[in-house]
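What follows is each chain in one-letter form.
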Amino acid sequence: VRGSGNRKTELALIALFGEARITGWRRNQKIFGKPDFIFSKHRLAVFVDGCFWHGCTKHGSQPATHRAFWKKKLARNKMRDRLVNRALRQRGWKVLRIWQHELIRRNGKRLLRRIVRALS
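Values in this document were obtained by computation on a predicted structure and should not be read as measured data.

A. Layout of the nonpolar core. Core analysis: the largest hydrophobic core is formed by 17 residues, its most contacted members being Leu13, Val46, Ile98 and Ile115. Among the secondary structure elements, those contributing two or more residues to this core are helix 1 (7–19), strand 1 (37–39), strand 2 (44–49), strand 3 (94–99) and helix 3 (108–119). With 5 residues, helix 3 is the largest single contributor of residues to this core. The contact partners of isoleucine 98, leaving out residues within four places of it in the chain, are Leu13, Val46, Phe47, Val48, Asp49, Leu103, Leu111 and Ile115. One finds Ile31, Ala45, Leu88 and Trp93 within the second-largest nonpolar core, a separate group that totals 8 residues.

Right, here's the structure in full:
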């Protein structure tokens, strides 16, 4: 299983930003942890986490083969996420993590409230 990036989920979030007229975000900035989006003015780092790669308790799955490898790999990913959150917060950033499954249409309003709250 190879990661193919999270372009689809990032594009879904960009569409949500557009619908809500949320501006001021940037992508691909040189910030520790490589956030998917940053709002520098608000010092907000936004990550869009894939359910498989970041171990979502609702939708994450374990491959049927090489279980020990995947269990260790996904545990390291979660540990890295916690380290990145802590490091960014220590540097004065707010961190918002959005699960891939939150980007479905029916969750749009709830997700927008979280984003607006983080920006204020």
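From this point, the discussion proceeds with the structure in view.
B. Geometry of the sheet that holds strand 3. With mixed pairing, 3 strands are arranged side by side in an open sheet as 1-2-3. In the strand order of this sheet, the two ends are held by strand 1 and strand 3, each with one partner. Strand-to-strand twist across the sheet, computed as the mean angle between neighbouring axes with direction ignored, equals 20 degrees. Bridge count for strand 1 against strand 2 is 3 bridges, and the pairing is antiparallel. Across the sheet, residue phenylalanine 37 finds its bridge partner in strand 2, namely valine 46. Sitting on the sheet, helix 1 touches strand 1, strand 2 and strand 3, and the angle it makes with strand 1 is about 30 degrees. Running at roughly 170 degrees to strand 3, helix 3 makes contact with strand 1, strand 2 and strand 3 of the sheet.

C. Spatial organisation of the packing of aromatic side chains. Counting across every chain of the model gives 5 aromatic pairs. Geometrically, the ring pair formed by tryptophan 25 and phenylalanine 37 is edge-to-face, given 5.4 Å between the ring centres and 80 degrees between the ring planes. Placement of the pair is tryptophan 25 in the loop between helix 1 and strand 1 and phenylalanine 37 in strand 1, with a sequence separation of 12 residues. Using a relative accessible area of 0% as the deciding quantity, one classes phenylalanine 37 as buried. Chaining the aromatic ring pairs together yields one cluster made of Phe17, Trp25, Phe37 and Phe39. In this structure, arginine 91 packs its charged tip against the face of phenylalanine 32, placed 4.9 Å from the ring centre. For the cation-ring pair, arginine 97 lies above phenylalanine 47, with the distance from its terminal atom to the ring centre recorded as 4.1 Å.

D. Broad picture of helix 1. In this model, helix 1 (13 residues) spans 18 Å end to end at C-alpha, consistent with the 18 Å of a helix rising 1.5 Å per residue. All of the buried residues along helix 1 are Thr9, Glu10, Leu13, Leu16 and Phe17. Looking straight down helix 1, one finds its buried side chains confined to an arc of 115 degrees; they lie on one side. Turned more than 90 degrees off the buried face of helix 1, the exposed positions are Arg7, Lys8 and Gly18.

E. Structural view of unusual backbone geometry. We note that arginine 21 has phi near 55 degrees; this positive angle belongs to a residue other than glycine. Its location among the elements puts arginine 21 in the loop between helix 1 and strand 1. On the basis of relative accessibility, which here comes to 73%, the residue arginine 21 falls in the exposed class. Even without glycine at this site, arginine 43 takes up a positive phi of about 50 degrees. Residue position: arginine 43 is located in the loop between strand 1 and strand 2.

Conventions used here
Counting restarts for each chain, with residues numbered from 1 along the sequence as it is written. In keeping with the model being predicted, local features are shown solely for residues with a pLDDT of at least 70 and side-chain atom pairs are shown and tallied solely at 80 or more, while totals for entire chains, interfaces and linings include all residues. To get the side-chain values, all heavy atoms of the structure are used, and hydrogens and water are removed first. For this analysis, a nonpolar core means a set of buried residues of the types Ala, Val, Leu, Ile, Met, Phe, Trp, Tyr and Cys, connected via side-chain atoms within 4.5 Å. Exposed residues in this analysis have more than 50% of their type's maximum accessible area, buried residues have under 20%, and partly exposed residues fall in between, with area computed by a 1.4 Å probe over protein chains only. Under the scheme used here, helices are H or I runs from DSSP no shorter than 4 residues and strands are E runs no shorter than 2 residues, and both carry numbers assigned from the N terminus. Here, two residues are considered to be in contact whenever any of their heavy atoms come within 4.5 Å of each other. Paired strands are those between which DSSP finds at least two bridges. Helix axes are fitted to C-alpha atoms over the stretch in contact, other axes to C-alpha atoms as well, and angles between N-to-C directions run from 0 to 180 degrees. To pair, rings of Phe, Tyr and Trp, with the six-membered ring standing in for Trp, must have centres within 6.5 Å; the planes then decide the type, stacked if under 30 degrees apart, edge-to-face if over 60, and tilted in the middle. By definition, being over a ring means that NZ of Lys or CZ of Arg is both within 6 Å of the ring centre and within 35 degrees of the ring normal. The span you would expect from a helix comes to 1.5 Å times its residue count less one. The arc under discussion is defined with respect to the helix axis, by the directions toward the C-beta atoms.

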